[in-house]
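Summary of the model geometry
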Amino acid sequence: MAWDPAVCGVLLPHMTPMTAVRLEPGQGRRLVGQTGAVTGRAELTRRAQAHGVAVSYQNWRGRLVEVPDETLAVVLGALGDAASPEGHSAPWGQPRPRWPQTPPSGGTHPPGPPLAVAPFPARRSWGFAVQLYSVRSRASWGHGDLHDLADLAAWSCGELGADFVLVNPLHAAEPQPPVSPSPYLPMSRRQISPLYLRIEDIPEYQGLTAGDRARVEALAVPLRAASTTAALIDRDAVWAAKRAALELIRAVPLTASRRAELDAFLARDRRAIGDWAAWCAIAEVHGPDWRSWPAALADPGSAEVTELRRTLADRIGFHAWLQWLTTEQLAAAQQAARRVGMSIGVITDLAVGAHPGGADAWARQDVIVSGISVGAPPDEFNQRGQNWTLPPWHPGRLAAQAGRPLAELIAASTRNAGGLRVDHVMGLARLWWIPAGMSPDLGTYVRYDHELMGGVLAAEVARAGALAIGEDLGTVEPWLRKFLAERRLLGTSMLWFERRADGTPRRPGGWRRGCLATVGTHDMPPAAAFLTGEQVTIRAKLGLLTQPEAEERAAAHAEMAQWLAMLAREGLLPRQARPSPEEFTVALYAHLTRTPAVLIGVSLAEAAGERRPQNMPGTVDEYPNWRIPLADAEGQPVLLDDLPAHAGVRAVAAAVSDGPRR
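Since the model is a prediction, treat every value here as computed from it, not as a measurement. (Residues numbered from 1 in each chain as written. Predicted model: local features only at pLDDT ≥ 70, side-chain atom pairs only at ≥ 80, totals over all residues. Heavy atoms only, no water.)

**What to know about helix H13 (residues 450-464)**
Since the α-helix turns once every 3.6 residues, residues separated by three or four places project in the same direction. With 15 residues, H13 should cover 21 Å at 1.5 Å per step; its first-to-last C-alpha distance of 21 Å lies within 8% of that length. For H13, every residue scored as buried is listed here: His450, Met453, Gly454, Val456, Leu457, Ala458, Glu460 and Val461. Among the structural elements, helix H11 (395-400), helix H12 (404-414), strand E10 (419-422), strand E13 (467-470) and helix H14 (478-486) are those in contact with the buried residues of H13. A distance of 3.2 Å separates the backbone nitrogen of Glu451 from a side-chain oxygen at the start of H13, and that oxygen is part of Asp449. (Helix = DSSP H or I, 4+ residues; strand = E, 2+ residues; numbered from the N terminus. Expected span 1.5 Å × (residues − 1). Buried < 20%, exposed > 50% of the residue type's maximum accessible area, 1.4 Å probe, protein only. Contact = heavy atoms within 4.5 Å. Polar contact = N/O pair within 3.5 Å; in protein donor to acceptor, adjacent residues only side chain to side chain.)

Structure (C-alpha cells):
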C-alpha cells in the first residue's frame, strides 16, 4: 500500500516551501462579500473540529489546500453529525469524544497503568521479504503456498542466517472464482486464504481412495507445470483446482483426535469463523458482494440469515473447515522457522482494510463506515491521489468498544507468527477519507484515538510475543513516530526516501535504529530498474509520468548519480566504473548494514534480479499487478528449488549477513 506524504504542517525534505496559499479548482473558493458562504464555512469548520475532521492540509508541494465544503458535509454525515444534511442521529451509543486536533506535546504521560509496549528484537537480524504467491516450487500448484513458506524459512535460516520471512497479506479472498489479485483488497482480514494450502499436506489426503487421489493428481499436473514457466499467476485456475481437490478430501472422515482439534478451533473464534463461513456460503449463491444481496440478507442477525445458516450448514462447515486447515499449515510454517533457529520466524502483513462488499464489512457493520473509502491525497508519485476502495472504521464506534475489533484482528493476525507488519500505520492516528463518487484529491483526513489504537496494537502483539512493524513511509508527523517508538512499534525506513533536507541521500549513520530497513517496496520498481532507467520506461508506457519523459529521465539520472557517489564514498562501489545491476543491488543492501536499523528486509525479487514491480499504483488492468511470478533479470522463472544455486540471491544474502558481524 502507498505511503502518506501529505501530512499537515510537514514538508517533504527535498521540496521547496511555498508561502502563497493556492487553492485547487473547486476546493472551497468563496467570493468576498458572500457572508452566507463564510458563515456556512465557519459552522462546518466548528463541527469538523469537534469530530477530528481536517478542514485543510498541506500537500506534498508544501501548499495549503482547503477541503471542499461538500467533502466536509458528507464526511460529517458519515460520522453521524446530526446537523449535516447527509447526517443522522448519533449512532455511537455514548457522548462523542473530541478527538485531538494537535499533536501530543511533551514526552510525559499522566499517572496510571504503565504503557503497553511491544517486544523489541533480541538482536539485529535480516530476512527475506516475499510475495508468497510468487515463490513457487516444483511441488506447488502454480502459486506459492504455506509449505513453500516453511521451506524458504528453513533454507534461508540454515544456509544464509536469516531470522525471519516477511510475507504479503495472506487474507482470505472470494470463496469461488473469479479471485481478486490484490492481497490488499481482501474479503476478510480475520481469515486466511485457502489458496495458500498445500493439498498434499492435509492429513486426510492420505485417506483418499486410489481413484480420488488420481483425480487430485490430474488437477495438480498442469498447475505444477505452470510453476516452471514465466506465465502470470492464474489464481482462478489455481483456486478452481484446489477447491475441487478439497471437496474430495473433505469426504474423508476425521479421526477422533482430528475431530477434537477441529471442534477446539471452531470454539476459539466461533462468531468470527461462523460469520465468515456464512458469508462464503451465501456468496456462493448470491455473489461475493453483500450489498447486492436481497435486502433481508444484509443483516447477519436477521431471521432470513439465521434460516440460511441452517439450510446451508454443510457449505458453512466446508468454509470453516478450510480455515482450520490454513491455520494449521501457517502454524506449521512458523514452527518450522523457529525449529531451524529463526529468532522471529514468519512476519505476517495486515492490510489497511477489507473489501466493502466482503465478509468483514457485512459482519461488522457496527464499526464500518459505508459510503466512504480510504486512500491517499496527491503525492510526488501519484499526483492524482489514490482511492484504495476500502471502507474505514468509525472512530467513535471503535472507541465506544474500547478498540475491541482492532484487538481481535491483531490477535488473529499474530496467533501463528513472530511478527506483524501493519500497512499504513499512520491509520492509527488518521486516515484519508474519500466520499463515494468524489476523486481522491477531494478527500480529507479524519482523526482516530491514537492512544487507544496504539495501545491496543502494542498490548496484543506483546500478548502474542510478536514484533510489530509499522509501515510509516513518507513524511510523517514527528510526534507520531515518537508515539510509536515509545510503544516499541518499529517503523519502516526505505532507502529511496532516506534523504537530507537538500534532497541528497542520507548517510547510513543518520538512519533510525527502531525500524525495518529496506531498499524498496512492492509498490516500487526493483533496484536494478533504477540503475538501468527501466523505472522511467515502464511508467512512461503506462502514462503515469506527470512531466515530459526527457525531464523525468534527467531527474532520475541525477538522483542515481547521487546514490552512486554515496556508495562510492562508503567504499561499496568503485568510484569510476559503472556497476552492473547485480553489483548495484548488492551495494545497496550492504549500505543498509551500515545503518543502525535493527531489522533489514531483503526483497527476494530484487535479489533474484527482477526488473518489474509487483504493483504499479494508479493502474488496474493496464499492468499485471500482483500476478508476476518470481523471476530473474531476463524474466525467466526462479523456483524455490533453484535458490540455493542462485548467485545473485547468495551475494545479497552474504552482504547483509556480513554487515551485523562487522
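Once the structure has been displayed, the description carries forward.
**Considerations on the pattern of salt bridges**
Enumeration over the complete set of coordinates arrives at 48 salt bridges. Arg224 is the salt-bridge partner of Glu200, the closest N and O atoms lying 2.9 Å from each other. Taken together, the positions of Glu200 in the loop between strand E6 (188-192) and helix H4 (210-227) and Arg224 in helix H4 put the pair 24 residues apart, joining distant regions of the chain. Linking Asp263 and Arg259 is a salt bridge whose minimum nitrogen-to-oxygen distance equals 3.8 Å. Taken together, the residues span about one helical turn, with Asp263 and Arg259 both in helix H6 (residues 256-268) at a distance of four residues. For Arg259, a relative accessible area of 41% puts it in the partly exposed group. Taken together, the shared-partner salt bridges connect Arg190, Arg268, Asp269, Arg364, Asp366, Arg404, Glu408 and Arg415 into one network. (Salt bridge = Lys/Arg side-chain N within 4 Å of Asp/Glu carboxyl O.)

**Considerations on the pairing of E10**
The two faces of E10 match: Gly419 and Arg421 on one face and Leu420 and Val422 on the other face are all buried. Bridge analysis of strand E7 (residues 345-350) against E10 gives four bridges, and the strand direction is parallel. Bridge assignment links Asp349 to a residue of E10, and that residue is Arg421. (Pairing = 2+ DSSP bridges.)

**Remarks on the sheet that holds strand E11 (residues 430-435)**
In a beta sheet, neighbouring strands are held together by backbone hydrogen bonds and run either parallel or antiparallel to one another. As summarised here, the arrangement of the four strands in space is E9-E8-E11-E12, forming an open sheet in which the pairing is antiparallel. Only two strands of the sheet have a single partner each, and these edge strands are strand E9 (386-390) and strand E12 (444-447). Strand after strand, the sheet turns through a mean of 50° between neighbouring axes, direction not considered. Helix H2 (residues 69-78) contacts strand E8 (372-376), E11 and E12 of the sheet and is inclined by roughly 110° relative to E11. (Axes fitted to C-alpha atoms, helices over the stretch in contact; angles between N-to-C directions.)

**What to know about the side chain of Thr492**
Mapped onto the fold, Thr492 is located in strand E14 (residues 491-494). On the accessibility criterion, Thr492 (8% relative accessible area) is buried. Only 2.9 Å separates the side chain of Thr492 from the backbone oxygen of Gly470, close enough to count as a polar contact. Beyond its immediate sequence surroundings of up to four residues, Thr492 is in contact with Ile469, Gly470, Glu471, Asp472, Leu473, Arg512, Cys515 and Leu516.

**Focus on the environment of Gln383**
In this fold, Gln383 is placed in the loop between E8 and E9. A C-alpha to C-alpha distance of 10.0 Å links Gln383 and Pro440, two positions 57 residues apart in sequence. Among all residues touching Gln383, those that are not within four sequence positions of it are Trp60, Arg61, Pro378 and Thr546.

**A closer look at the sheet that holds E10**
One open sheet holds the eight strands; their spatial order is E13-E10-E7-E4-E3-E16-E15-E14, and the pairing between them is parallel. The two strands at the open ends of the sheet, each matched to only one other strand, are E13 and E14. This sheet shows a mean twist of 25° between the axes of neighbouring strands, independent of strand direction.

**Digging into the nonpolar core**
Membership of the largest hydrophobic core comes to 71 residues, with the highest contact counts inside it found for Trp126, Phe128, Leu149, Trp496, Phe584, Val602 and Leu643. The element contributing the most residues to this core is helix H3 (residues 146-160), with eight residues. Residues within four places of Leu643 in sequence aside, it is in contact with Leu152, Trp155, Leu604, Leu630, Val638, Val649 and Arg650. (Core = buried A, V, L, I, M, F, W, Y, C linked by side-chain atoms within 4.5 Å.)

**Describing the packing of H3 against helix H9 (residues 313-339)**
Where H3 meets H9, the axes come as close as 8 Å, and the angle between the chain directions of the two elements is 5°. Here H3 lies roughly parallel to H9, going by the angle between them. Here H3 contributes Leu146, Leu149, Ala150 and Ala153 to the contact with H9, which in turn contributes Thr326, Gln329, Leu330, Ala333, Ala336 and Ala337. (Parallel < 35°, antiparallel > 145°, perpendicular 65-115°, else oblique.)

**Details of H12**
Taken residue by residue, H12 has Pro405, Leu406, Ala407, Leu409, Ile410, Ser413 and Thr414 as its buried positions. Where H12 is buried, its residues contact E6, E7, H11, E10 and H13.

**A closer look at the side chain of His646**
Relative to the elements of secondary structure, His646 occurs in the loop between helix H19 (604-608) and helix H20 (647-661). According to the relative accessible area criterion, His646 is buried, its value standing at 17%. Aside from chain neighbours lying at most four places away, what touches His646 is Ala607, Ala608 and Val638.

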